[in-house]
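Close look at the chain arrangement
In case you want the letters, here they are:
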Amino acid sequence: MRLFRERGLSSGSITLLVVFGVQAGIGVVLFPYFQAVLGWSGLLSTAAMMPMAVMMMATSGLAPKLAAGIGSRSTMAAGIALAGLGLALMALFVSVEGGYLSILPGLLAMGLGMGLSMTPSTTAITASLPRAKQGVASALNDVTREFGTALGVALLGALLANGYRSAIDDRLHGIPQGTADTARQGVANAVEAAGDAGPRAQDLLHAAQQSFVDGWQQAMWAGAAVMGVLLVYIAFRGPKNTTPAVTDETEATEAFATR
């Protein structure tokens, strides 16, 4: 645990934890939106995630050059700010009627931000430890990503589910009790239950879709708030210098001093 005294190690780990958590949470939110709200197939829903993936790949390659020019801390902060902006854009503009175009700007900003923040965060972890402990750095890098993914799915998924249930309760007046109970379980259940709602089927479907968007907005605002806290932390406690050359020079100095 004493290794976390290294600013690069701790800030890089926390950044990866949060960024991967938010990324996983986005997946939990997006696929039901594409399939249950927009009515898309699984294949089309997957393809709709490509703009974010393309932005991530492009900026992941750019991030090392940018970090060499302005520093790892500034690059990480810029990426976190962009990712937070993407979450805020999706929370502000997502709607049933707006469809895919209402979330596309947020997806692009998220992709840019995650690509910029992930690469220097990984470098910050590995550069904080000497070559003999690179196995520890690699393991820590993997653990933070996996743990962050699990946390993101659990927390953002729970916020979405609670927001959906709270929103749909006020929109089920006149719906048969059994059908209403099924609809409360989730938007996919509501879409399926709409077939048993008779003349109120369209009302139930619209209520479920709008309630899902309401829950989405709560989850996205929570994610944006977390990214805001992370941005402040990195601004004050981010890595001072995480280039590999510094680590190698430190090792050489230590080796010379022991002779």
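Below, the structure is looked at part by part. What you see is a predicted model, and the numbers here were worked out from it, not measured in a lab.

The next subject is the side chain of Ser-121. Its location among the elements puts Ser-121 in helix α5 (residues 104–127). By relative accessible area, Ser-121 is classed as buried at 0%. Contact partners of Ser-121, with chain neighbours within four places excluded, come to Gly-12, Thr-15, Leu-16 and Met-76.

Tallied over the entire structure, the rule returns 3 salt bridges. Its salt-bridge partner being Asp-214, residue Arg-171 comes within 3.0 Å of it at the nearest N-O pair. With a gap of 43 residues between them, Arg-171 in the loop between α6 (134–169) and α7 (177–184) and Asp-214 in helix α9 (residues 201–237) connect regions that are remote in the sequence. Judged by relative accessible area, which is 32%, Arg-171 ranks as partly exposed.

It is the contact of helix α4 (residues 72–93) with α9, at a shortest axis distance of 8 Å, that shows an interaxial angle of 165°. With respect to each other, α4 and α9 are oriented roughly antiparallel. The handedness of the crossing between α4 and α9 comes out as left-handed. Between α4, through Arg-73, Met-76, Ala-77, Ile-80, Ala-81, Ala-83, Gly-84, Leu-87, Ala-88, Met-90, Ala-91 and Leu-92, and α9, the contact on the second element is made entirely by Trp-216, Gln-217, Met-220, Trp-221, Gly-223, Ala-224, Met-227, Leu-230, Leu-231, Ile-234 and Ala-235.

This part takes up the environment of Arg-165. Relative to the elements of secondary structure, Arg-165 occurs in helix α6. Taking the relative accessible area as the measure of exposure, Arg-165 reaches 36% and is therefore partly exposed. Separated by 44 residues in the primary sequence, Arg-165 and Ser-121 have C-alpha atoms spaced 37 Å apart.

With that out of the way, let us pick up helix α3 (residues 50–70). Its 21 residues give α3 an end-to-end C-alpha distance of 29 Å, which sits within 8% of 30 Å, the value for a rise of 1.5 Å per residue. Residue Ala-63 marks the point of greatest curvature in α3, where the axis turns by about 35°; the proline Pro-64 follows within four residues. Within the span of α3, buried status applies to Met-52, Met-56, Thr-59, Ala-63 and Ala-67. The inward-facing, buried residues of α3 contact α1 (7–37), α4 and α5.

What follows is about the packing of aromatic side chains. The description of an aromatic ring pair uses the distance of the two centres, along with the angle that the planes make with each other. Applying the stated rule across the entire model yields 5 aromatic pairs. Relative to Trp-40, the ring of Phe-34 lies with its centre 5.3 Å away and its plane at 15°, an arrangement referred to as stacked. Residue classification places Trp-40 among the partly exposed residues on the basis of a relative accessible area of 24%. Aromatic side chains Phe-34 and Tyr-100 sit 5.9 Å apart centroid to centroid with 55° between the ring planes, which places their arrangement in the tilted category. Taken together, the residues Phe-34 in helix α1 and Tyr-100 in the loop between α4 and α5 connect sequence positions 66 residues apart.

Reading guide: rules and limits
- Residues numbered from 1 in each chain as written.
- Predicted model: local features only at pLDDT ≥ 70, side-chain atom pairs only at ≥ 80, totals over all residues.
- Heavy atoms only, no water.
- Helix = DSSP H or I, 4+ residues; strand = E, 2+ residues; numbered from the N terminus.
- Buried < 20%, exposed > 50% of the residue type's maximum accessible area, 1.4 Å probe, protein only.
- Contact = heavy atoms within 4.5 Å.
- Salt bridge = Lys/Arg side-chain N within 4 Å of Asp/Glu carboxyl O.
- Axes fitted to C-alpha atoms, helices over the stretch in contact; angles between N-to-C directions.
- Parallel < 35°, antiparallel > 145°, perpendicular 65-115°, else oblique.
- Left-handed = near helix turned anticlockwise from the far one by under 90°.
- Expected span 1.5 Å × (residues − 1).
- Bend = angle between axes of the 7 residues up to and from the residue.
- Phe/Tyr/Trp six-rings, centres within 6.5 Å; stacked < 30°, edge-to-face > 60°.

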